[in-house]
Amino acid sequence: MQTLRQARIGQTVKVVKLHGEGAVKRRIMDMGITRGVDIYIRKVAPLGDPIEVTVRGYELSLRKADAEMIEVE
(Lines give C-alpha, C1' and ligand atoms only; values in the text may rest on other atoms or scores of the structure.)
Protein backbone atom coordinates (compact mmCIF):
# COMPACT_ATOMS: atom_id res chain seq x y z
CA MET A 1 0.00 0.00 0.00
CA GLN A 2 1.35 3.41 -1.01
CA THR A 3 -0.09 6.67 0.28
CA LEU A 4 -0.12 10.05 -1.44
CA ARG A 5 2.49 11.24 1.05
CA GLN A 6 4.96 8.62 -0.26
CA ALA A 7 4.54 9.66 -3.92
CA ARG A 8 7.42 11.61 -5.49
CA ILE A 9 7.46 14.99 -7.24
CA GLY A 10 6.52 14.71 -10.92
CA GLN A 11 4.66 11.44 -10.42
CA THR A 12 1.02 10.94 -11.43
CA VAL A 13 -0.89 8.51 -9.22
CA LYS A 14 -4.45 7.16 -9.15
CA VAL A 15 -6.54 7.14 -5.98
CA VAL A 16 -7.44 3.60 -4.89
CA LYS A 17 -9.08 4.22 -1.51
CA LEU A 18 -9.74 6.96 1.04
CA HIS A 19 -9.13 6.15 4.68
CA GLY A 20 -10.39 8.21 7.61
CA GLU A 21 -13.85 8.88 8.91
CA GLY A 22 -16.58 11.47 9.08
CA ALA A 23 -15.76 15.13 8.51
CA VAL A 24 -12.13 14.53 7.52
CA LYS A 25 -13.02 12.06 4.76
CA ARG A 26 -15.87 14.29 3.62
CA ARG A 27 -13.52 17.32 3.37
CA ILE A 28 -11.05 15.33 1.23
CA MET A 29 -13.88 14.22 -1.07
CA ASP A 30 -15.21 17.79 -1.30
CA MET A 31 -11.78 18.86 -2.61
CA GLY A 32 -12.33 16.53 -5.58
CA ILE A 33 -10.21 13.63 -4.38
CA THR A 34 -12.32 10.54 -4.97
CA ARG A 35 -11.61 6.95 -5.97
CA GLY A 36 -10.23 6.63 -9.51
CA VAL A 37 -9.09 10.25 -9.95
CA ASP A 38 -5.53 11.01 -11.12
CA ILE A 39 -3.33 13.24 -8.94
CA TYR A 40 -0.13 14.90 -10.18
CA ILE A 41 2.45 15.74 -7.49
CA ARG A 42 3.69 19.29 -8.24
CA LYS A 43 5.78 20.29 -5.22
CA VAL A 44 6.60 19.27 -1.67
CA ALA A 45 7.60 21.89 0.91
CA PRO A 46 11.15 21.58 2.35
CA LEU A 47 9.92 19.97 5.57
CA GLY A 48 7.40 17.82 3.69
CA ASP A 49 4.32 19.78 4.70
CA PRO A 50 2.24 20.78 2.71
CA ILE A 51 2.19 18.87 -0.57
CA GLU A 52 1.03 20.74 -3.69
CA VAL A 53 -0.90 18.61 -6.18
CA THR A 54 -3.01 19.04 -9.31
CA VAL A 55 -6.44 17.37 -9.17
CA ARG A 56 -9.13 17.67 -11.84
CA GLY A 57 -7.36 20.65 -13.43
CA TYR A 58 -6.81 22.76 -10.32
CA GLU A 59 -4.00 23.12 -7.80
CA LEU A 60 -4.46 22.04 -4.22
CA SER A 61 -2.29 21.96 -1.10
CA LEU A 62 -2.67 19.05 1.31
CA ARG A 63 -1.28 18.52 4.79
CA LYS A 64 0.84 15.43 5.44
CA ALA A 65 -1.86 14.03 7.73
CA ASP A 66 -4.47 14.28 4.96
CA ALA A 67 -2.10 12.82 2.35
CA GLU A 68 -1.55 9.78 4.63
CA MET A 69 -5.27 8.95 4.35
CA ILE A 70 -5.21 8.70 0.54
CA GLU A 71 -4.13 5.31 -0.79
CA VAL A 72 -2.76 5.46 -4.34
CA GLU A 73 -1.22 3.24 -7.04
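Residues numbered from 1 in each chain as written. Predicted model: local features only at pLDDT ≥ 70, side-chain atom pairs only at ≥ 80, totals over all residues. Heavy atoms only, no water.

Caption draft 1: View of the pairing of strand β3 (residues 38-44). Across three bridges, strand β2 (residues 12-18) lies against β3 in antiparallel orientation. When the bridges of β3 are listed, Thr12 appears paired with Tyr40. Note that β3 and strand β4 (residues 51-55) share five bridges and pair antiparallel. Each residue of the ladder has a partner; that of Tyr40, found in β4, is Thr54. (Pairing = 2+ DSSP bridges. Helix = DSSP H or I, 4+ residues; strand = E, 2+ residues; numbered from the N terminus.)

Caption draft 2: Spatial organisation of the sheet that holds strand β1 (residues 2-3). Ordered in space as β1-β6-β2-β3-β4-β5, the six strands form an open sheet in which the pairing is antiparallel. The two strands at the open ends of the sheet, each matched to only one other strand, are β1 and β5 (58-62).

Caption draft 3: Here's a closer look at the environment of Leu47. Along the chain, Leu47 falls in the loop between β3 and β4. When the C-alpha atoms of Leu47 and Met29 are compared, they prove to be 25 Å apart, with 18 residues separating the residues in sequence.

Caption draft 4: Up close: the nonpolar core. Among the nonpolar cores identified, the biggest contains 19 residues, and Leu4, Ile33, Ile39, Val53, Leu62 and Ile70 are the most heavily contacted of them. Among all residues touching Ile33, those that are not within four sequence positions of it are Val15, Leu18, Ile28, Ile39, Val55, Leu60, Leu62 and Ile70. (Core = buried A, V, L, I, M, F, W, Y, C linked by side-chain atoms within 4.5 Å. Buried < 20%, exposed > 50% of the residue type's maximum accessible area, 1.4 Å probe, protein only. Contact = heavy atoms within 4.5 Å.)

Caption draft 5: Seen up close, the UniProt feature "domain: Ferrous iron transporter FeoA-like" (unreviewed entry) in the chain. What UniProt calls "domain: Ferrous iron transporter FeoA-like" (unreviewed entry) maps, in this numbering, to residues 2-73. Segment residues 2-73 splits into 19% helix and 40% strand. End C-alpha atoms: 7 Å apart. (UniProt positions renumbered as here; feature names shortened; annotations may be inferred.)

Caption draft 6: Structural detail: the environment of Gln2. You can see Gln2 is positioned in strand β1. Separated by 11 residues in the primary sequence, Gln2 and Val13 place their C-alpha atoms 9.9 Å from one another. Sequence-distant contacts of Gln2, defined by excluding residues within four places in its chain, comprise Ala7, Gln11, Ile70, Glu71 and Val72.

Caption draft 7: Representation of the pattern of salt bridges. A complete count under the given rule lists six salt bridges for this structure. Among the salt bridges present, the one from Glu68 reaches Arg5, with a minimum N-O distance of 3.1 Å. Remark: Arg5 occurs in the loop between β1 and β2 and Glu68 occurs in helix α2 (residues 64-68); sequence separation between them is 63 residues. Notably, a salt bridge pairs Arg63 with Asp66, separated by 3.5 Å at the nearest N-O pair. Here Arg63 falls in the partly exposed class, since its relative accessible area comes to 47%. (Salt bridge = Lys/Arg side-chain N within 4 Å of Asp/Glu carboxyl O.)

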